[in-house]
Every structure is written in structure tokens, then in C-alpha cells.
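# Architecture at a glance
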Protein chains: 2
Amino acid sequence: MRYFVAVAEELHFGRAALRLGIAQPPLSRAIRQLEHRLGVTLLERTSRAVALTEAGAVLLDEGRAALDAMAAAERRTRRASSPGAPGLVLVSKAGAAGEVLAKLLDAYAAEPDAVPVEVMLCGIREQEPALRDGRADVALLHLPFDSVAGFDTEEIATERQAVILPAGHPLSVRESMTVAEALSIPGLPPARWPLGDGSYPDGPGPEIHDHAQLLQLVALGRTAVILPESVRSLVTGLAAVPVPDAPRVTTVVAWPPHSRSRALASLVRTATRL
Amino acid sequence: MRYFVAVAEELHFGRAALRLGIAQPPLSRAIRQLEHRLGVTLLERTSRAVALTEAGAVLLDEGRAALDAMAAAERRTRRASSPGAPGLVLVSKAGAAGEVLAKLLDAYAAEPDAVPVEVMLCGIREQEPALRDGRADVALLHLPFDSVAGFDTEEIATERQAVILPAGHPLSVRESMTVAEALSIPGLPPARWPLGDGSYPDGPGPEIHDHAQLLQLVALGRTAVILPESVRSLVTGLAAVPVPDAPRVTTVVAWPPHSRSRALASLVRTATRL
DNA sequence: CCGCTTCGATACCCGTACGGTATGGGTCCG
DNA sequence: CGGACCCATACCGTACGGGTATCGAAGCGG
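Residues numbered from 1 in each chain as written. Chains lettered and ligands numbered in written order. Predicted model: local features only at pLDDT ≥ 70, side-chain atom pairs only at ≥ 80, totals over all residues. Heavy atoms only, no water.

## Quick word on the protein's contact with DNA strand C
Stated formally: One heavy atom within 4 Å of a molecule or strand makes the whole residue count as near it. We define a polar contact as two N or O atoms separated by no more than 3.5 Å, with the added condition that, inside protein, one atom must be a possible hydrogen donor and the other a possible acceptor, whereas residues neighbouring each other in sequence contribute only through side-chain atom pairs. Counting from the N terminus, the helices are the DSSP runs of H or I reaching at least four residues and the strands are the DSSP runs of E reaching at least two. Polar here means any residue other than Ala, Val, Leu, Ile, Met, Phe, Trp, Tyr, Cys and Pro, which are nonpolar, and Asp, Glu, Lys and Arg, which are charged; Gly is therefore polar.
Contacts to DNA strand C come from 22 residues, most closely from A:Arg45, B:Tyr3, B:Ala23, B:Arg29 and B:Ser47. Among all atoms of DNA strand C positioned within 4 Å of the protein, those belonging to sugar or phosphate total 60%. At a separation of 3.4 Å, a sugar or linking oxygen of DNA strand C approaches a polar side-chain atom of A:His12. Secondary structure elements with two or more residues in the surface near DNA strand C: helix 2 (13-20) and helix 3 (24-38) of chain A together with helix 3 (24-38) of chain B. For the surface near DNA strand C, the class distribution of residues is eight nonpolar, eight polar and six charged.

## A look at the relation of the copies chain A and chain B
The criterion, for reference: In superposing the copies, a least-squares fit is computed on C-alpha atoms, taking residues whose pLDDT is at least 70 in both. In this description, contact between two residues means that some pair of their heavy atoms is separated by no more than 4.5 Å.
Once chain A is rotated about the relating axis by 180° and shifted along it by 0.0 Å, it coincides with chain B to within an RMSD of 0.2 Å. Such a turn and shift between the copies fits a two-fold axis. The rotation axis passes nearest to the C-alpha of A:Gly150 in chain A, at a distance of 2.0 Å. Interface overlap between copies: 100% of the residues of chain A at the interface are likewise at the interface in chain B, consistent with a symmetric, same-surface contact.

## Some remarks on unusual backbone geometry
Residues and elements named next belong to chain A. Proline 144 follows leucine 143 through a cis peptide bond whose omega is 5°. For proline 144, the position within the fold is in the loop between strand 5 (138-143) and strand 6 (152-159). The residue leucine 11 is not glycine, and still its phi comes out positive at about 50°. Position of leucine 11 among the secondary structure elements: in the loop between helix 1 (2-10) and helix 2.

## Looking at the protein's contact with DNA strand D
DNA strand D sits among 22 residues. The nearest are A:Tyr3, A:Ala23, A:Arg29, A:Ser47 and B:Arg45. When the atoms of DNA strand D within 4 Å of the protein are sorted by group, sugar and phosphate make up 62%. Where the surface near DNA strand D is concerned, the elements lending two or more residues are helix 3 of chain A together with helix 2 (13-20) and helix 3 of chain B. Here the element with the most residues in the surface near DNA strand D is helix 3 of chain B; it accounts for five residues. Tallied by class, the residues present in the surface near DNA strand D amount to eight nonpolar, eight polar and six charged.

## A closer look at the sheet that holds strand 9 (residues 238-242) of chain B
All names here are of chain B. Stated formally: Paired strands, as defined in this entry, are two strands with at least two bridges between them according to DSSP. All axes are obtained by fitting lines to C-alpha atoms, using only the stretch in contact for helices, and the reported angles, taken between N-to-C directions, cover 0 to 180 degrees.
Taken in spatial order, the three strands of this open sheet run 8-7-9, and their pairing is antiparallel. Across the chains shown, the open sheet's two edge strands, defined by having one partner strand only, are strand 8 (225-228) and strand 9. Each strand axis lies, on average, 40° off the axis of its neighbour in the sheet, ignoring direction.

## Examining helix 2 of chain A
All names here are of chain A. Formally: Note on exposure labels: buried denotes an accessible area under 20% of the residue type's maximum, exposed denotes more than 50%, and partly exposed covers the range between, all computed with a 1.4 Å probe on protein chains only. The directions considered for the arc run from the helix axis to the C-beta atoms.
Listing the buried residues of helix 2 in full gives Phe13, Ala16, Ala17 and Leu20. For helix 2, the angular spread of the buried residues around the axis is 100°, confining them to a single face. Looking at the buried side of helix 2, the elements it contacts are helix 1, helix 3, strand 1 (43-45) and strand 2 (50-52). Taken from the residues just after helix 2, glycine 21 is the one with a positive phi, measuring 75°.

## A look at the packing of helix 2 of chain A against helix 3 of chain A
Residue and element names in this part refer to chain A. To keep it simple, the criterion reads: Each angle receives one of four descriptions, namely roughly parallel if under 35 degrees, roughly antiparallel if over 145, roughly perpendicular if within 65 to 115, and oblique otherwise.
Interaxial distance between helix 2 and helix 3 falls to 9 Å at its minimum, and their mutual angle equals 105°. Judged on the interaxial angle alone, helix 3 and helix 2 are roughly perpendicular. Where helix 2 approaches helix 3, its residues Phe13, Gly14, Ala16, Ala17 and Leu20 are matched on the opposing element by Gln24, Leu27, Ser28 and Ile31.

## So, the interface of chain A and chain B
Which entries qualify depends on this criterion: Put simply, buried area is the surface a 1.4 Å probe can reach on two separate parts but cannot reach once they are joined, added for both. Salt-bridge detection follows one rule: a side-chain nitrogen of Lys or Arg within 4 Å of a carboxyl oxygen of Asp or Glu.
Counting residues at the interface gives 32 residues for chain A, matched by 32 residues for chain B. Across the chain A to chain B interface the summed buried area is about 2800 Å²; carbon plus sulfur atoms make up 63%. Two residues, A:Arg260 and B:Asp61, come together in a salt bridge whose shortest N-O distance is 3.4 Å. At the junction of chain A and chain B, the tally comes to 10 residue pairs in polar contact (both at pLDDT 80 or more). Of all the secondary-structure elements, those providing two or more residues to the side of chain A that touches chain B are helix 3 and helix 4 (54-80) of chain A. With 19 residues, the single largest contributor to the side of chain A that touches chain B is helix 4 of chain A. Split into classes, the residues belonging to the side of chain A that touches chain B amount to 17 nonpolar, five polar and 10 charged.

## A few points about the sheet that holds strand 5 of chain A
All names here are of chain A. With mixed pairing, five strands are arranged side by side in an open sheet as 4-3-5-10-6. Whereas interior strands pair on both sides, the edge strands pair on one side only; in this sheet they are strand 4 (117-122) and strand 6. Adjacent strand axes in the sheet meet at a mean angle of 25° when their direction is disregarded. Bridging between strand 3 (residues 88-93) and strand 4 involves six bridges; their strand directions are parallel. Each bridged residue has a counterpart across the sheet, and for leucine 88 the counterpart in strand 4 is valine 117.

## Some thoughts on the pairing of strand 7 (residues 161-166) of chain B
Residues and elements named next belong to chain B. With six of six residues buried, strand 7 lies mostly within the body of the structure. By the bridge criterion, four bridges tie strand 7 to strand 8 in an arrangement that is antiparallel. Opposite alanine 162, over in strand 8, you have leucine 227 as the bridge partner. The sheet contact formed by strand 7 and strand 9 spans five bridges and is antiparallel. Across the sheet, residue isoleucine 164 finds its bridge partner in strand 9, namely alanine 240.

From the geometry alone we can't say anything about function, so treat these as descriptive.
The structure is reproduced here in C-alpha cells:
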């Protein structure tokens, strides 16, 4: 399965073999054997190019999920033993959910059955994979930006959004703005967020990988951005103008649905009481 | 992984080996190698008994999920090719959701991009595993009875519940009943539904596996049961008395979250328009 | 138009790792 | 104390995965 996913992603046996650390002929053979075992043609090969068939595309999707599940099994099992390891790994976007995160960690630490929690801060669009492949046990996600597909969730906070501007910007004296106004501030093109597949839409604004980078770009006067109001408390030197017509942002705690960890259940219970 | 799950479920190397179709010594060795590779003790063995460690319990959970994902990948890939196979497999509880199901199938069949749909009817608590391991692509579930953990869902219908009685039962002339009344009808002990782990609670009523069996038991005057009103249309010879204080039942369509099938998306879109 | 390059498939060889049988050793029971 | 039970160890054979060398088809440039 690892072999097939590599080939399907590279669409090139040579590069896939390199990535897998094996030679190309065994890889070709392995894929042929897989096709034979399934009774299905997964790849259309010409001597110049490789293309996925319909069935191949299905197996790429499903196979990725299965490999993630396997990796998750291995990681979580390793962590379940070894007392040095943290009891729970919580993943959050760097620079987001600061207040809520601190409150949650404090409240949980005060619980009688609390275990050590490791906080893992990562970029945008990195939380879901981490949760799926077992690097993390629980995440703080933000609706409607993040997708919660396939996870159990509990809402823990909701807040309005504001447009974040460089301090002293002429518009920072405004009482409120509309989304349309915030997206068309002269000289401050809106930042571009990654799409579902990791690519970026076209446009004049900078490409964003995480919140720290984003807020620095705002401070430098290169962009403006609509974000939950609470980020204001994270950085000085930025102005925030409420945007009433932007959707409210809901912070949710999310975890893999089959999890039966008592520590996780306790953390979630704490979160719902915030 | 298959080997470990077998041993963890049987808690007996000999039986597990039998189930796996291999001899016992290679199985012992395989488990030891797994433990060594993970650097974790998974099983506490004495010469008389085998017990799971904490880490072993984690691996049993996660490993089951991973094996399901692998099986799903294999099944869905096989079905994605082979034009004889149905394009979608929809699983529903036998005897439930009759009207909604028929309406959904009709509406979907009228869509321009409809593919053949195979309907798989199964017992209670069988839908979730079927969806997870790829035997089915989409399910009709009923809240709050079924758990939708780990699936994407869309609501398609909601209805009141009624207590289903043998025709001619003295109470069948009532305009309505309370839950408390319905659960304590003399001579008609409430049926016992399976719990999450497949076992049954104690009590006088019969153990239920599917709705067909249940309705037959009602017709025979052996039990009474609170069910969504629509089941009344399925069977003649039964009476239904509304139970206003029972929770309303919501029928949802559920599917694995990572699915990207166009046919499934179309079916879901049809369902939401019902 | 012909070589050269590119890329997947084939042929062949080798080592390892998996599966099988036989047996050992600890524990509980009669 | 012997026997039954059950997991571990020892040993052996084979089959499968991986490596190298090479082929054959398809673009592409001179």
C-alpha cells in the first residue's frame, strides 16, 4: 500500500522508488502484484507517462486513510507505554486560540486525573493530518475555517471577527467595517490562505502558512486580514476593527471518534465546562 | 496487525493461530517481533493466561480501525472497477426508514448522473462496521439511536415516535401515551436492544437483532416498543399510539468523511432536497 | 530520419523472513 | 506427583522481496 501511494502521488516509478528507498524494478513488480491480487488495473502506463485509473484514484484516497490509521496505531501505542511520554498531545494552530488554549490547559491541569499534555503548534492545514495519523490526540479547530470531517467535536467558544490592521493605519479609527470593505483596503491586499489541496488561489496578497507569519506581515503593512477578535491580545502594534457581518468563529475541540482514552475524555469534559 | 488483533481478541495464542490458519509458534514469534519493533509490551503472558497491557488495549482499538480502513480500501477499489458491480452500496436497518428510503432511491434514480444503487439491509449495530470497512458507501442512520461518530452526515427527515402494540390491544384506543406508560404495559415487557459492545441489558423483554424480528414479536403479543411513527406503514396488524414525550427521531444519511465519489455526493445532494 | 534519452518491464540471482514441525518448560489440577 | 495445558524456543525449508543487468517502446533533437 505504501508503494502504491508513492507511485500514485509521483506518477513516476523511478521517483517513487527513490522516495521509498528501493530500486525501480521491485516496485514495478509490487504494483503489478497488487493489481493482480485486487483483479483491478490501477495505473495506465505508457512508456512515457503513468496515469491513475478510476479505481486507482479510489485506492489512493482510501489507501492514504488506511496508512494514516496504521501510523496512528503505531504512534499511539508507543506513547501509551513509555511513561516519559506525554499522556496527551494537543495540536493547535500557531498563534491562534491563545486565550482559550491557556484557559483549557489551566482548567485541565487542575483536574484530579490530569495527565501531562504536550502542546504541538503547527501551521494551517496541518492539524487534521496530525490528528489522523496519531501525532496528536486532540485538536483545537476553528469553524468555519477548518473541516471537522471524521472527528468528534465539542464547541468551547465562539467569538466575532475583526480586521487586523497595522497600528496607526488610517482605517484603524473606524468603529466597524464590512467584509467587503476589509477585503479591498487600498495598499493592503488580503492574504491568500491555502486551499484544501495545499495550493493557493491567485491574487496580489501574500501566501500564508501560519498565524505568526501572518501577523508579522500585517505589522509590516503588507496585508490586512479578518481574524477572530482574540488574536488582538497576542500581539501589540496591531489595530483591530470589528467586522460585524463576518461569520462568527467557533472554537471546537476535536478528537478521533474511536478514541477511548480516559485522559482524553477528561480533557474534553473540562473543555465543555469552560 | 491482523495477528495481534486476533490474539488480543482471543487472549489465547492457540485459538488465535487456529483462527488465522497458521501454527501457534510463528504467531508467538510474530507478536514478539511486533512488540520488539514498537519497543512496547503488548501482552502480559503467564503460562496459563494472556492479558492485554494498557498499550495493548490501545493497539487493539487503533489496529481494528486501521484494519477496517485497509479492508475498506480493498473493497472500494474492487468495486470502483468491474462495471458489473453497483456504483453505490447503501446500508439501512432492515425494516426501518422504509418510506424515506424509497423516496430517496426514487429521487436519486431520477437524477441525470445516477449510478446503480445496491441496498443492503442489516441488523441493528451492523451499519457502522459496514460503512467503516467498505462493505457499504453510505448509510441511513437514526438519531439518537445510532452513533454517527466519525462520519459526515446530513439530516433528511425527522418524525415523532409511537408505541407499537398488537392490534386490538386494550391500550390501542388511547390517543397518546407517555414513555413511562409505554415501558410498563402489563404483559408487554419492553424489548432489549443491544448495547455498544453487542451485549444485552438484563430484563424480562426479548433480545432484539433487527426490526423485522421485533415487529413480529409485537404482532405475537410478546412485547411493545417505541419506534418512529413511519414503521406503522410497513406492517399491518399492529396498532400505534403516539408518545409525545419520546425524543423525535432524525433520519440522517451518513458516509465516510474522506470519500470523494461523485456518485455519493450526488446521492447526498438528492437526500438533502427531500 | 536516426540515434539518444527516458522510463517501465523483464530476467535472473540472492538473502531473509515467514511458516511448519518438534520440543522444552512453567503452571494448575486431579 | 503425573498429566494436561499453553506459550516459548530450536531448527528447517521455501517463497517472496529486493538488487543488478538489460530490454523495448516512445518521444525528441540534431
